[in-house]
Amino acid sequence: MNETLKTIAQRYSCRSYDGILPEKEKLEAIALAAIQSPSGMNRQPWQINIITNKAFIDEMDAEGMKILAEAEDKSTYQRFMDRGGKLYYNAPCMFLILKKPGTDCDTGIVSENISLAAASLGLGNVICGMAAIPFNGIKGELFRKKAGFSEDWDFGMAVLAGYADKPGAPHEPDISKIRFID
């Protein structure tokens with residue numbers, strides 16, 4: 001099996017980080033992998049903002065958990081509480097993917113490139129749509145400004161990255177999801 005297929009097979013969604021920021025060279029390599037993603041008609045409708053300010057990440061985390069705690073349906077809040085009570089799992093870095101409206105597919109491709117690049121460099125990572133919560137809350141405009149949102153750009157996706165606090169395992173692939181059509 002080649003290295004790319006090994007990385008795909010071994011990658012897992014890391015939900016516990018040691019909080020130590022990875023080396024700048026690794027973050028730069030991941031960012032380069034992000035912008036090398038394919039896109040429809042090569043429009044590249046994304047902007048990659050790399051947030052490494054742990055205090056800011058923690059501030060957004062606390063606000064996101066507060067929003068979940070105040071929601072009528074407590075099931076999502078309880079799920080995060082069962083996983084340690086952190087929306088961002090103590091990640092020291094967030095790759096924030098901003099998008100132009102109507103470009104969701106391209107955002108997915110970018111997040112996968114980031115995730116696989118991080119895994120190939122020995123970093124834990126998780127694709128995190130829940131990262132949108134603080135940007136949509138009462139402090140959303142403040143967070144959008146601090147996170148470097150440009151005008152006419154929306155939250156697309158986030159990938160949390162850092163060194164895993166404890167080892168994880170990839171999910172078991174469901175082979176029944178594959179069908180060959182002759």
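Quick note: structure is the one above.
Just so it is clear, the structure is predicted and the values come from calculations on it, not from any experiment.

Enquirer: Outline helix 3 (residues 54-70), supporting the account with residue identities and numerical values.
Expert: With 17 residues, helix 3 should reach 24 Å at 1.5 Å per residue; the first-to-last C-alpha distance of 24 Å fits that figure. Two or three places before A55, at the start of helix 3, stands the capping residue N53, its side-chain oxygen 3.1 Å from that residue's backbone nitrogen.

Enquirer: Can you tell me about the pattern of salt bridges, naming the residues and giving the values?
Expert: Inspection of every chain in the model, using the stated rule, returns six salt bridges. Residue K26 pairs with E23 through a salt bridge whose shortest N-O separation is 3.9 Å. Its relative accessible area of 38% is what places E23 among the partly exposed residues. One salt bridge connects D58 with K54, and the closest N-O pair in it is separated by 2.8 Å. With a gap of four residues between them, D58 and K54 both fall in helix 3, about one helical turn apart.

Enquirer: Could you give me a rundown of the sheet that holds strand 1 (residues 46-51), with the residues and numbers involved?
Expert: Sheets are built from strands paired through backbone hydrogen bonds, the pairs being either parallel or antiparallel. Taken together, four strands build an open sheet; the order of strands is 1-2-4-3 and the sheet is antiparallel. Sheet topology places strand 1 and strand 3 (124-127) at the edges, where each strand pairs with a single neighbour. This sheet shows a mean twist of 20° between the axes of neighbouring strands, independent of strand direction. When strand 2 (residues 93-99) meets strand 4 (residues 154-162), the two strands line up antiparallel, connected through seven bridges. Its bridge partner lying in strand 4, M94 is registered against L160. In this fold helix 2 (residues 24-35) packs onto strand 1 and strand 2, with an angle of close to 165° to the strand it touches most, strand 1.

Enquirer: Describe the pairing of strand 4, and please don't skip the residues or the numbers.
Expert: Along any regular strand the residues' side chains alternate between the sheet's two faces. Counting buried positions along strand 4 yields seven of nine residues, so the element is predominantly enclosed. Here four bridges tie strand 3 to strand 4, and the two strands are oriented antiparallel to one another. Bridged to V126 within strand 4 is L160.

Enquirer: I'd love a proper account of the packing of helix 3 against helix 4 (residues 75-82), names of residues and values included.
Expert: Relative placement of two packed helices is described by the angle separating their axes and the distance separating the axes. Following both chains from N to C, one finds helix 3 and helix 4 inclined at 135°, their axes separated by 7 Å at the closest point. Our classification of the angle between helix 3 and helix 4 gives oblique. Like other packed secondary-structure pairs, helix 3 and helix 4 cross with a definite hand, here left-handed. Along its contact with helix 3, which presents M65, L68 and A69, the element helix 4 presents T76, Y77, F80 and M81. Looking at side-chain class alone, the contact of helix 3 with helix 4 contains six nonpolar, one polar and no charged residues.

Cut-offs applied
Residues numbered from 1 in each chain as written. Predicted model: local features only at pLDDT ≥ 70, side-chain atom pairs only at ≥ 80, totals over all residues. Heavy atoms only, no water. Helix = DSSP H or I, 4+ residues; strand = E, 2+ residues; numbered from the N terminus. Expected span 1.5 Å × (residues − 1). Polar contact = N/O pair within 3.5 Å; in protein donor to acceptor, adjacent residues only side chain to side chain. Salt bridge = Lys/Arg side-chain N within 4 Å of Asp/Glu carboxyl O. Buried < 20%, exposed > 50% of the residue type's maximum accessible area, 1.4 Å probe, protein only. Pairing = 2+ DSSP bridges. Axes fitted to C-alpha atoms, helices over the stretch in contact; angles between N-to-C directions. Contact = heavy atoms within 4.5 Å. Parallel < 35°, antiparallel > 145°, perpendicular 65-115°, else oblique. Left-handed = near helix turned anticlockwise from the far one by under 90°. Nonpolar A, V, L, I, M, F, W, Y, C, P; charged D, E, K, R; others polar.

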